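# Secondary and tertiary structure notes
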Amino acid sequence: MAQSMATTANSPVGKPVRKSHPMLLFVLKRLVMLIPTVLIMSLLIFFIIQLPPGDYLTSYVAGLKSEGVVVDASVLANLEEQFGLDQPWYIQYFKWIVNILTKFDFGYSFDLGKRVWPIIADLLPMTLLVSLVTMLFQYLVSIPLGIYSAVKQYSVGDYVLTTIGFLGMAIPNFLFAILLMYFSFVWTGSAMIGLFSKEMLQNGVHWYNLGEFLTRLLIPVIVIGTSGMCGTLRAMRAQMLDELGRQYVLCARAKGVSERTIIYKYCLRAAINPTVSGLSGSLASIFSGSTISAIVMNLEIIGPTLYNALLAQDMYLAGTILLVMGVLIVVGTLLSDIALAWLDPRIRFSGRSE
Amino acid sequence: MPIIDIKDLCVNIQLDEGMLTPVQGVSFQIEAGQTMGLVGESGCGKSLTSKAILAINDKKCRQTGEILFETDKHEVVDINKLNPRGKEIRDIRGRQISMIFQEPMVAFSPMYTIGNQINECTRLHITKDKKQSKELTLEVMKKVGIANAEKRYDQFPHEFSGGMLQRALIAMALVCKPRLLIADEPTTALDVTIQAQILELMQELQKELNMAILFITHDLGTVAKMCDYVSVMYLGRVVESARACDVYKRPLHPYTQGLMGSVHKIGTLKQERLFSIEGTVPLALNLKPGCGFYDRCNQRIEGLCNVVDPELCDMGDGHCVACHRCKKEATVHE
């Protein structure tokens with residue numbers, strides 16, 4: 001209270017100073033909170049990854065044994081010591097995290113025989129591209145359709161969208177992928193498997209084959225994004241209906257405000273709230289939901305690599321992939337929270353003492 | 001010429017179960033500077049009537065009859081004939097007829113500042129100029145008694161108290177100086193001391209702007225304080241209408257008598273039970289012929305009240321009532 005009095009005393013209009021503060025403070029606070037969040041997350045990831053009995057070496061040796069190859073115990077012990085696998089997990093974790101912080105070294109992938117970071121750096125751009133385009137597709141399609149569905153409730157269009165919405169949420173991604181691949185093969189003669197054609201792999205993506213690349217991107221985006229899109233559509237419709245039934249809509253209408261302004265100025269801003277706060281969640285579900293589709297469609301993204309790493313108990317690779325995804329999701333959450341605070345003044349001011 | 005002249009207004013809602021008629025043939029008129037009270041229990045069609053005047057009822061509602069409104073250019077418009085989403089009706093809403101809602105806490109969008117929401121009215125109807133619009137807004141905010149209006153202008157609804165929000169709502173309704181103000185139970189959500197302040201404020205502003213007010217309430221005490229004329233509604237019909245003092249002195253319709261009897265009077269003994277009207281308002285679905293109050297009436301006449309609809313008749317001196325019993329007694333007296 002004293003603070004707000006002081007600020008109003010400083011500014012005769014009482015506007016500019018008071019308004020910028022809560023938002024800036026809010027962002028700063030959230031940025032600082034990011035550090036412990038990521039640290040705790042890395043600890044949890046490492047703890048869970050090493051939970052299954054054995055490690056990469058034991059499953060590797062078991063694999064060799066089943067093929068009839070006998071491995072010398074001393075060689076095994078030697079390898080164990082070399083990778084630090086004989087030490088308790090918290091020491092391993094500590095070494096891993098110190099190496100990341102000091103040398104930006106995420107460890108070694110036993111399975112692929114390379115350092116972890118180059119593998120990820122290879123896959124990350126395409127993963128991000130597919131994920132972001134999927135998200136864009138999800139929101140650019142679902143929000144307008146959701147608004148339409150709510151404003152024209154019980155119209156033919158609404159029923160059609162509702163049917164599509166439930167179908168889209170119910171069909172598993174991989175089945176959808178197979179269906180789309182089948183139809184694209186029947187109609188265009190190419191199954192559109194993978195993001196790049198042979199020619200692109202040789203020459204790279206340029207302006208002249210950008211169109212083909214985009215069409216190849218379209219199928220994975222639709223496959224991965226549809227269920228999320230339909231979920232968002234349903235949520236958006238429900239939220240919009242909720243807002244349209246509120247008293248302030250009636251009040252705005254009684255003021256002579258046009259329907260368009262009511263929908264876009266008042267209702268949408270309130271209705272979009274859960275969608276925005278679900279942004280990072282949908283990023284997470286895109287990451288995990290894309291794995292099977294990526295395997296089916298042979299996409300060069302991070303999902304299948306994570307899957308193999310987990311199967312092979314390739315702990316540093318799996319851990320790093322999870323950590324990178326986690327960081328991306330945390331950053332996504334931060335962005336969606338900032339967007340929320342900008343949208344909804346009640347959130348923006350909640351931190352300020354009255 | 002009255003500012004608003006409502007003739008035989010009906011509101012119908014088609015449901016799967018049949019036709020729902022929550023407002024059936026309401027007629028009244030209000031002149032400039034006058035206050036008409038619309039009284040009745042919950043569910044008797046008061047709010048639907050008031051929203052019908054602005055054509056802001058739900059899409060499912062069909063309105064028939066005439067709502068003749070005299071605009072500030074002295075043209076008479078039938079609001080029922082206008083497209084409820086059209087430009088014409090939007091020019092009337094907020095500018096010529098405005099409305100104060102029951103619950104101020106939910107009448108504002110939580111997303112925008114109070115200032116923004118009030119000055120939306122002026123920007124729509126009076127001036128596109130931002131500075132002038134803000135000045136008008138601040139002026140009206142001060143007029144309704146919002147202290148420190150400059151600071152309040154930039155605050156959000158959740159930073160206001162209930163009474164302050166109701167003041168802001170009144171400011172929003174009055175900023176364009178409307179000819180008719182519809183107040184739909186403006187004080188029910190407020191505590192008693194704030195109620196009195198708000199009512200006084202409304203009276204002052206009415207004098208200043210020479211507005212007509214349609215005051216909707218179920219609180220007879222407020223009606224006595226505020227209104228020149230009263231229409232009592234029951235089951236979508238006006239059952240009694242007269243000057244406010246006449247209704248208080250000599251309520252004619254059994255329903256009005258019941259309403260008066262159920263108000264606690266100071267000076268009566270504590271032990272004395274308040275009168276209560278048995279039963280509830282029936283659902284206005286597939287109504288039988290006859291008086292709507294028949295089932296609950298303690299003065300009903302078998303074979304007449306449940307067969308013939310009572311018409312609204314003038315019992316002399318503009319005191320109208322729709323009751324067979326009253327009519328009979330009047331003819332006997334003559």
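Residues numbered from 1 in each chain as written. Chains lettered and ligands numbered in written order. Predicted model: local features only at pLDDT ≥ 70, side-chain atom pairs only at ≥ 80, totals over all residues. Heavy atoms only, no water.

With that out of the way, let us pick up the packing of aromatic side chains. Evaluation of the coordinates by the stated rule reveals 21 aromatic pairs over all chains. Ring centres of Phe46(A) and Tyr316(A) lie 6.3 Å apart, and the angle between their planes is 45 degrees; this geometry places the pair in the tilted category. Highlighted residues: Phe46(A) in helix α2 (residues 16–49) and Tyr316(A) in helix α16 (residues 315–343), separated in sequence by 270 residues. Taking 5.1 Å as the distance between ring centres and 25 degrees as the angle between the ring planes, the aromatic pair formed by Phe106(A) and Trp117(A) counts as stacked. With Phe106(A) in the loop between α5 (89–103) and β1 (108–109) and Trp117(A) in helix α6 (residues 116–151), this residue pair connects regions lying 11 residues apart in the sequence. Using a relative accessible area of 28% as the deciding quantity, one classes Trp117(A) as partly exposed. Residue placement shows Lys134(B) over the ring face of Tyr153(B); its charged tip is 4.6 Å from the ring centre. The ring of Phe160(B) is capped by Arg152(B), whose NZ or CZ atom sits 4.4 Å from the centre of that ring. (Phe/Tyr/Trp six-rings, centres within 6.5 Å; stacked < 30°, edge-to-face > 60°. Helix = DSSP H or I, 4+ residues; strand = E, 2+ residues; numbered from the N terminus. Buried < 20%, exposed > 50% of the residue type's maximum accessible area, 1.4 Å probe, protein only. Lys NZ or Arg CZ within 6 Å of the ring centre and 35° of its normal.)

Let us now look at the sheet that holds strand β10 (residues 237–243) of chain B. Residues and elements named next belong to chain B. The strand order across the open sheet built from 8 strands is β6-β7-β8-β3-β9-β10-β12-β11, with neighbouring strands paired in mixed fashion. Looking at the sheet topology across the chains shown, the edges are occupied by β6 (97–100) and β11 (313–314). Of the strand pairs in this sheet, strand β3 (residues 35–39) and strand β9 (residues 229–234) are connected by 4 bridges, and their pairing is parallel. Bridge pairing in β9 places valine 39 opposite valine 232. Running over the sheet, helix α7 (residues 162–174) touches β6 and β7 (180–184) and is turned about 175 degrees from β6. Against the sheet, helix α8 (residues 192–209) makes contact with β3, β6, β7 and β8 (212–217), and its axis sits at roughly 160 degrees relative to β8, the strand it touches most. (Pairing = 2+ DSSP bridges. Contact = heavy atoms within 4.5 Å. Axes fitted to C-alpha atoms, helices over the stretch in contact; angles between N-to-C directions.)

Glancing now at empty space enclosed by the protein. Residue and element names in this part refer to chain B. According to the stated counting rule, one finds 4 cavities of 30 Å³ or more in the structure shown. What lines the largest cavity is simply Leu136, Glu139, Val140, Lys143, Val144, Leu174, Val175, Lys177, Leu205, Glu208 and Leu209. Contributions of two or more residues to the lining of the largest cavity are made by α5 (130–143) and α8. Per-element accounting of the lining of the largest cavity gives the leading share, 4 residues, to α5. (1 Å grid on protein atoms, 1.4 Å probe; cavity = no way out; pocket = protein on both sides within 12 Å on 5 of 7 lines; lining within 4 Å. Points joined across faces, edges and corners; volume = space filled by probe spheres on them.)

Quick look at α8(B) now. The first and last C-alpha atoms of α8(B) sit 26 Å apart over 18 residues, in line with the 26 Å expected at 1.5 Å per residue. The positive-phi residue at the C-terminal boundary of α8(B) is Asn210(B), with phi of around 55 degrees. (Expected span 1.5 Å × (residues − 1).)

What follows is about the confidence of the model for chain B. For chain B, per-residue confidence averages 87 on the pLDDT scale, and 96% of positions sit at 70 or higher. Looking over chain B, one finds the lowest element-wise mean pLDDT in helix α12 (residues 324–333) of chain B, namely 79, and the highest in β6(B), namely 94. (pLDDT = per-residue confidence, 0-100.)

On to the layout of surface pockets. What the largest pocket holds in volume is close to 910 Å³. Taken together, 28 residues form the lining of the largest pocket, with Leu244(A), Arg253(A), Asp58(B), Lys59(B) and Arg85(B) sitting closest to its centre. Among the residues making up the lining of the largest pocket, the classes are represented as 12 nonpolar, 6 polar and 10 charged. Counted as a void, the second largest pocket has a volume near 540 Å³. What lines the second largest pocket is a set of 30 residues, among which Leu235(B), Arg237(B), Gly290(B), Cys291(B) and Gly292(B) lie closest to the centre. (Nonpolar A, V, L, I, M, F, W, Y, C, P; charged D, E, K, R; others polar.)

Contacts between the two partners involve 32 residues from chain B, matched on the other side by 28 residues from chain A. Interface area, chain B with chain A, both sides summed: about 2,800 Å², of which 60% is carbon and sulfur. Across the salt bridge formed by Lys255(A) and Glu120(B), the nearest N and O atoms sit 2.8 Å from each other. If you look at where chain B meets chain A, you find 10 residue pairs in polar contact (both at pLDDT 80 or more). Looking at the side of chain B that touches chain A, the elements with two or more residues in it are α1 (46–54), β6, α3 (104–107), α4 (114–125) and α7 of chain B. Taken together, the residues that form the side of chain B that touches chain A break down as 16 nonpolar, 6 polar and 10 charged. (Buried area = accessible area lost by both parts, 1.4 Å probe. Salt bridge = Lys/Arg side-chain N within 4 Å of Asp/Glu carboxyl O. Polar contact = N/O pair within 3.5 Å; in protein donor to acceptor, adjacent residues only side chain to side chain.)

What follows concerns the nonpolar core. Membership of the largest hydrophobic core comes to 99 residues, with the highest contact counts inside it found for Leu180(B) and Met202(B). In terms of residue count, the dominant contributor to this core is α7(B) (9 residues). Those residues within four positions of Leu180(B) in sequence are excluded, and the remaining contacts are Ile3(B), Ile4(B), Ile30(B), Ile53(B), Phe69(B), Gln96(B), Ile97(B), Ser98(B), Ala212(B), Ile213(B) and Leu214(B). Formed by 74 residues, the second largest nonpolar core is a distinct cluster that contains Leu57(A), Met240(A), Ala294(A) and Ile301(A). (Core = buried A, V, L, I, M, F, W, Y, C linked by side-chain atoms within 4.5 Å.)

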